[in-house]
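These are the residues of each chain, in order.
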Amino acid sequence: MALGYTKKILNRIENAEQGTVFVSADFSDIADTETVRRSLNRLVQTGTLRRVIKGVYEKPKFSEFLGEYVAVDPDKVAHALARNYHWSIAPCGNTVLNLLGLSSQVTAVWSYISDGPYKSYEWDSTKIEFKHRTNKEISGLSYTTIIVIQALKTIGQKNVTEEIIETLRQRLSDSEKATALKEASESTDWVYDTIRKIAEGNK
C-alpha cells in the first residue's frame, strides 16, 4: 500500500514545474504525515527531489544555459513553510523591494512578516526570517495589496519618488491596482494617497 502512496506522490511531483518546492502538507490528501515523509525521503535518495532543509524539498530545476541545476528560490521556500505551518506571510524590507523590482541590491536575509512565531531558517548561504506581526497587517487583504503596503513602508514617505510610483503602476495589473485602492483605505494616509496615485494609471 505504501508503494501505491509513493506512486501518487511521485505523479504529483512529476506534473509540477521544475523548481517547485514541497512540504509534507502538500500531500496530506494522499497519505498520513509519516507515510508522506518516508516517501519524500525515498525520492530524495533517487534524486527526484533534493532536500533544502528538514521537511522542505525541491524538484530540482536544470538550466540548459548554465548546464547545471540552479539554486532553490528562497521565496518559494518561505511560502512552502507558511503552507506547512498555516501561517499568513508577506515579504518585507529589502526582500519586498527586490520582488517588486524596486531594488537590485542582493539581500543577505529574506525577510517576511508572519502571523506565526518568530523563526529563522538557514541553508548554504541563504537565510529566511519570519517576523511576527498582528493579523491586522496581513489578514483580509490580497497578497498584492500587502506587499505594496510593505514596500511603501520600507521606502518611507519622504523617499517615494515618481519613478517608484511609475514602477509599481507598470508592475500591477488594472485589477490589482483597483483592489489595492479598495483594500488600503484604512492604511496610513500617506500610504493610501500613494496607492491612489499608483491606481490612477487605471484611468
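Below: a short report on this structure. All of these numbers come straight from a predicted model, not from anything done at the bench. (Residues numbered from 1 in each chain as written. Predicted model: local features only at pLDDT ≥ 70, side-chain atom pairs only at ≥ 80, totals over all residues. Heavy atoms only, no water.)

A closer look at the sheet that holds strand 6 (residues 89-91)
With respect to topology, 4 strands assemble into an open sheet ordered 6-7-9-8, the strand pairing being mixed. Both outer strands of the open sheet, strand 6 and strand 8 (119-123), are each paired with one neighbouring strand and no more. Taken pair by pair, the neighbouring strands of this sheet meet at an average axis angle of 25°, ignoring direction. For strand 6 and strand 7 (residues 109-114), the ladder comprises 3 bridges, and the chain directions are antiparallel. Across the sheet, the residue bridging to Ala-90 is Ile-113, located in strand 7. Here helix 5 (residues 143-155) sits on the sheet in contact with strand 6 and strand 7, set at roughly 45° to strand 6. (Pairing = 2+ DSSP bridges. Helix = DSSP H or I, 4+ residues; strand = E, 2+ residues; numbered from the N terminus. Axes fitted to C-alpha atoms, helices over the stretch in contact; angles between N-to-C directions. Contact = heavy atoms within 4.5 Å.)

Side note on the packing of aromatic side chains
Tallied over the full model, the rule gives 6 aromatic pairs. Relative to Phe-130, the ring of Trp-87 lies with its centre 5.1 Å away and its plane at 65°, an arrangement referred to as edge-to-face. Of this pair, Trp-87 sits in the loop between helix 3 (74-85) and strand 6 while Phe-130 is found in strand 9 (residues 126-132), placing the two residues 43 residues apart along the sequence. Judged by relative accessible area, which is 0%, Phe-130 ranks as buried. Here the aromatic residues Tyr-85, Trp-87, Tyr-112, Tyr-121 and Phe-130 are joined through ring pairs into a cluster of three or more. (Phe/Tyr/Trp six-rings, centres within 6.5 Å; stacked < 30°, edge-to-face > 60°. Buried < 20%, exposed > 50% of the residue type's maximum accessible area, 1.4 Å probe, protein only.)

So, the packing of helix 6 (residues 162-171) against helix 8 (residues 189-199)
At a minimum axis separation of 8 Å, helix 6 and helix 8 run at an interaxial angle of 60°. In terms of orientation, helix 6 lies oblique with respect to helix 8. Pair helix 6 / helix 8 crosses with right-handed handedness. Contact with helix 6, carried on its side by Ile-165, Leu-168 and Arg-169, involves Thr-194, Lys-197 and Ile-198 of helix 8 and no other residues of that element. (Parallel < 35°, antiparallel > 145°, perpendicular 65-115°, else oblique. Left-handed = near helix turned anticlockwise from the far one by under 90°.)

A few points about the nonpolar core
Core analysis: the biggest nonpolar cluster contains 20 residues, and Leu-152 and Ile-195 have the highest contact counts within it. Elements with a minimum of two residues in this core: helix 4 (93-99), helix 5, helix 6 and helix 8. Examining the composition of this core, we find that 6 residues originate from one element, helix 5, more than from any other. Among residues more than four places away in sequence, those in contact with Ile-195 are Val-148, Ile-149, Leu-152, Ala-180, Leu-181 and Ala-184. If you look at the next biggest cluster of nonpolar residues, it comprises 19 residues, including Val-77, Ala-80, Leu-81 and Trp-87. (Core = buried A, V, L, I, M, F, W, Y, C linked by side-chain atoms within 4.5 Å.)

Overview of the side chain of Asp-26
Relative to the helices and strands, Asp-26 resides in the loop between strand 1 (21-23) and helix 2 (33-45). Only 2.9 Å separates the side chain of Asp-26 from the backbone nitrogen of Val-23, close enough to count as a polar contact. Polar contacts involving the side chain of Asp-26 include one to the side chain of Arg-83, which spans 2.9 Å. Ignoring anything within four residues of it in the chain, the contact list for Asp-26 reads Arg-12, Val-21 and Arg-83. (Polar contact = N/O pair within 3.5 Å; in protein donor to acceptor, adjacent residues only side chain to side chain.)

A closer look at the pattern of salt bridges
Taken as a whole and assessed by the stated rule, the structure comprises 10 salt bridges. Close ionic contact of Arg-83 with Asp-26 constitutes a salt bridge, the shortest N to O distance being 2.9 Å. Placement of Arg-83 in helix 3 and of Asp-26 in the loop between strand 1 and helix 2 is noted, with a sequence separation of 57 residues between them. Across the salt bridge formed by Arg-37 and Glu-34, the nearest N and O atoms sit 2.4 Å from each other. With Arg-37 and Glu-34 both in helix 2 and 3 residues apart, the pair spans about one turn of that helix. With a relative accessible area of 35%, Arg-37 lands in the partly exposed category. (Salt bridge = Lys/Arg side-chain N within 4 Å of Asp/Glu carboxyl O.)

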